[in-house]
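Below, each chain spelled out in residue letters.
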Amino acid sequence: MAEAFKFELVSPERLLVSEEVEFVVIPGAEGEMTVMAQHAPVMTTIKPGVVTVKTAAGKEERYVVFGGFADILPSGCTLLAESATHVNDIDRADITRRIQEAREDAADAKDDEARAKAEQFLSQLTTLEGALLPA
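Since we're looking at a predicted model, the values are computed, not measured.

With that settled, the discussion passes to the environment of M36. Within the secondary structure layout, M36 lies in strand β3 (residues 31-36). Classification of M36 by relative accessible area gives partly exposed; the value is 40%. Beyond its immediate stretch of four places on either side in the chain, M36 contacts A2, F5, E22 and F23.

Here is the structure:
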């Protein structure tokens with residue numbers, strides 16, 4: 001059994017997770033990363049995606065996050081999400097609304113840099129939609 005460490009997932013609305021876990025997989029801006037006990041210190045931004053948590057009791061939970069950042073230390077990991085919810089609570093209409101807003105942001109962008117950023121976010125959302133919500 002892997003060594004456990006403290007993990008917290010926090011959104012502006014509430015604390016979703018605060019417990020001892022074996023590992024956490026987070027959608028870092030540079031790619032997915034698995035965090036385990038004694039991980040080297042890292043701070044990374046989070047892109048929209050799924051956070052997978054395996055508790056010390058062996059239960060696996062998944063949460064959808066929409067941006068934020070993770071502070072990783074050898075003794076624990078705190079993920080501060082802009083928005084987060086349990087996968088079972090995902091609302092297809094909410095994902096569709098976010099995608100539509102991202103499309104509008106890309107179309108209304110004032111310059112190439114803003115357009116590229118909006119298109120990247122749109123791509124992340126559509127990938128997330130495909131992974132979570134089969135048609």
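Let's shift gears to the pattern of salt bridges. Side-chain pairs of opposite charge can arise whenever the charged atoms involved come near each other. Counting across every chain of the model gives six salt bridges. With a closest N to O distance of 3.0 Å, E61 and K59 form a salt bridge. Under the relative-accessibility criterion, E61 is labelled buried at 15%. One salt bridge connects R97 with D94, and the closest N-O pair in it is separated by 2.5 Å. Note that R97 and D94 are positioned in helix α1 (residues 92-107) at a spacing of three residues, about one turn of the helix. We classify D94 as partly exposed; its relative accessible area is 22%.

Considered as a void within the structure, the largest pocket measures approximately 390 Å³ in volume. Around the largest pocket, the lining is made up of 14 residues, and of these P48, K117, Q120, F121 and Q124 lie nearest the centre. Put simply, the parts of the chain that give the lining of the largest pocket at least two residues each are β4 (42-46), α1 and α2 (112-132). No other element matches the five residues that α2 contributes to the lining of the largest pocket. When grouped by side-chain class, the residues that make up the lining of the largest pocket number six nonpolar, four polar and four charged. When its volume is computed, the second largest pocket comes out at roughly 170 Å³. For the second largest pocket, the full set of lining residues is P27, E32, K47, P48, G49, V50, Q124, T127, L128 and A131.

Here we take up the nonpolar core. In this structure, F7, L9, I26 and L79 are the most contacted members of the largest nonpolar core, which totals 22 residues. For this core, the elements supplying multiple residues, two or more each, are β1 (5-10), β2 (15-28), β3, β5 (49-55), β6 (60-65), β7 (68-73) and β8 (76-81). The element contributing the most residues to this core is β2, with five residues. Leaving out residues up to four positions away in the same chain, I26 has contacts with G31, E32, M33, V35, T44, I46, V51, A70, I72 and L79. Core analysis: the next-biggest nonpolar cluster, separate from the first, contains eleven residues, V64, I90, I99 and L132 among them.

What counts as what
- Residues numbered from 1 in each chain as written.
- Predicted model: local features only at pLDDT ≥ 70, side-chain atom pairs only at ≥ 80, totals over all residues.
- Heavy atoms only, no water.
- Helix = DSSP H or I, 4+ residues; strand = E, 2+ residues; numbered from the N terminus.
- Buried < 20%, exposed > 50% of the residue type's maximum accessible area, 1.4 Å probe, protein only.
- Contact = heavy atoms within 4.5 Å.
- Salt bridge = Lys/Arg side-chain N within 4 Å of Asp/Glu carboxyl O.
- 1 Å grid on protein atoms, 1.4 Å probe; cavity = no way out; pocket = protein on both sides within 12 Å on 5 of 7 lines; lining within 4 Å.
- Points joined across faces, edges and corners; volume = space filled by probe spheres on them.
- Nonpolar A, V, L, I, M, F, W, Y, C, P; charged D, E, K, R; others polar.
- Core = buried A, V, L, I, M, F, W, Y, C linked by side-chain atoms within 4.5 Å.

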